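# Inside the fold
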Amino acid sequence: MALTKTKRETLGVIFLCFSVCLLSTPSNGDGQPTPYEVLQSHNLPIGLLPKGALGYDLDPNDGQFSVNLTNICNIYAGGFKIKCNPTITGVISTNNLDNLDGVRVKIAVFWIKIEWAKRNGDNIEFKIGNFAKKTFPVSDFTSSPGCS
Ligand SMILES: *[C@@H]1O[C@H](CO)[C@@H](O)[C@H](O)[C@H]1NC(C)=O
């Protein structure tokens, strides 16, 4: 029993270290930029992606991407509850994240899909579901929100 618990703790520490190492490595070793660097190279702030993004695929021709998060990610930011699936897909281009799938925001009692995000000068505009748009200053997205 005691041994099992110790084992589990050791594994936990190793896992934690592994995650921290992954997250603090500027690129993932094979020269591929991090997903945060990909955002920046498209003039988008890193705060559009929560902490803990691991692998991703990006088609350089059409900008189609798929990012894996460590887990389902709940974010509470700016008075909004946001839920990210473990995989987020979309199409990235300069100033734009289009065709988003996997990100929802809670409005009243409904979880509504965020369809796209667009940079317009010093603002980021979000399309929420089919009917709503919401604009925030880029300065709200200077760091990546943590998941809970
Ligand atoms: C993302 O996760 C899916 C499902 O676990 C996996 O099939 C895919 O290879 C992963 N992609 C990357 C880029 O890590």
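What you see as residue numbers is a count from 1 along each chain, following the sequence as written. The model is predicted, so local features are restricted to residues of pLDDT at least 70 and side-chain atom pairs to those at 80 or more, both for listing and for counting; the totals for chains, interfaces and linings are taken over all residues. Based on all heavy atoms of the structure, the side-chain values leave hydrogens and waters out of the count.

Now for the pattern of salt bridges. Whenever Lys or Arg places a side-chain nitrogen within 4 Å of a carboxyl oxygen from Asp or Glu, that contact is recorded as a salt bridge. Throughout the structure, instances matching the rule amount to 2 salt bridges. Two residues, Asp101 and Lys113, come together in a salt bridge whose shortest N-O distance is 3.9 Å. Of this pair, Asp101 sits in strand 5 (residues 96-107) while Lys113 sits in strand 6 (residues 110-120), and the two are 12 residues apart along the sequence. Between Lys113 and Glu115 there is a salt bridge, with the nearest N and O atoms lying 3.9 Å from each other. The exposure class assigned to Glu115 is partly exposed, which follows from its relative accessible area of 21%. One salt-bridge network, held together by shared partners, links Asp101, Lys113 and Glu115. A helix here means a DSSP run of H or I that spans at least four residues, while a strand means a run of E at least two residues long, and both kinds are numbered starting from the N terminus. Here the term buried applies to any residue with accessible area under 20% of the maximum for its type, exposed to any over 50%, and partly exposed to those in between, with areas from a 1.4 Å probe on protein chains only.

Our focus in this paragraph is the site of the ligand. Taken together, Gly55, Tyr56, Asp57 and Asn68 make up the full set of residues near the ligand. Any N or O atom pair separated by 3.5 Å or less is treated as a polar contact, with the protein-specific requirement of one donor-capable and one acceptor-capable atom, and with residues adjacent in sequence counted only for side-chain atom pairs. One of the side-chain nitrogen or oxygen atoms of Asn68 is found 2.4 Å away from an oxygen atom of the ligand. With residues, only the protein chains shown are counted as cover, and all accessible areas are computed by Shrake-Rupley using a 1.4 Å probe. Protein coverage of the free-state accessible area of the ligand, which is 360 Å², stands at 37%. Note on residue categories: nonpolar means Ala, Val, Leu, Ile, Met, Phe, Trp, Tyr, Cys or Pro, charged means Asp, Glu, Lys or Arg, and polar means any other residue, Gly included. Of the residues contributing to the shell around the ligand, the split by class is 1 nonpolar, 2 polar and 1 charged. One heavy atom suffices: a residue is near a molecule or strand as soon as one of its heavy atoms comes within 4 Å of it.

What follows concerns the pairing of strand 6. Remark: a regular strand shows side chains that alternate across the two faces of the sheet. When DSSP finds two or more bridges between a pair of strands, those strands are recorded as paired. Relative to strand 6, strand 5 runs antiparallel, the two being bridged by 6 bridges. Counted as the bridge partner of Asn96 is Lys118 from strand 6. Where strand 5 folds back on strand 6, the antiparallel hairpin that results is connected by 2 residues, among which Ala108 adopts a positive phi of roughly 55°. Hairpin connection from strand 6 to strand 7 (residues 123-128): 2 residues lie between these consecutive antiparallel strands, with Gly121 at a positive phi of about 65°.

What follows concerns the environment of Ile88. Looking at the secondary structure, you find Ile88 in strand 4 (residues 80-93). Given a relative accessible area of 6%, Ile88 falls into the buried group. Each C-alpha atom, one on Ile88 and one on Tyr56, is 9.3 Å from the other, the two residues being 32 residues apart in sequence.

What follows concerns the side chain of Glu125. Structurally, Glu125 can be placed in strand 7. As used throughout, the charge tally considers Lys and Arg to be positive and Asp and Glu to be negative, leaving His and the chain termini uncounted. Despite its burial, Glu125 pairs with no opposite charge, the nearest such side chain being Lys133 at 4.1 Å. Throughout, a residue-residue contact means that at least one pair of heavy atoms, one from each residue, lies within 4.5 Å. Every residue in contact with Glu125, bar those within four places of it in the chain, is listed here: Trp116, Ala117, Lys118, Lys133, Lys134 and Thr135.

This part is about the state of the cysteines. Two cysteine sulfur atoms make up a disulfide if the distance between them is within 2.5 Å. Evaluation of the coordinates by the stated rule reveals 1 disulfide. What pairs with Cys73 in a disulfide is Cys147, and their sulfur atoms sit 2.1 Å apart. Its S-S torsion of approximately -90° makes the covalent link between Cys73 and Cys147 left-handed. Of this pair, Cys73 sits in strand 3 (residues 73-77) while Cys147 sits in the segment after strand 8 (132-137), placing them 74 residues apart in sequence. For Cys73, a relative accessible area of 0% corresponds to the buried category. Assessed through its relative accessible area of 38%, Cys147 is described here as partly exposed. Free cysteine Cys84: the closest other cysteine sulfur is in Cys73, separated by 4.7 Å. Given the relative accessible area of 3%, Cys84 is considered buried.

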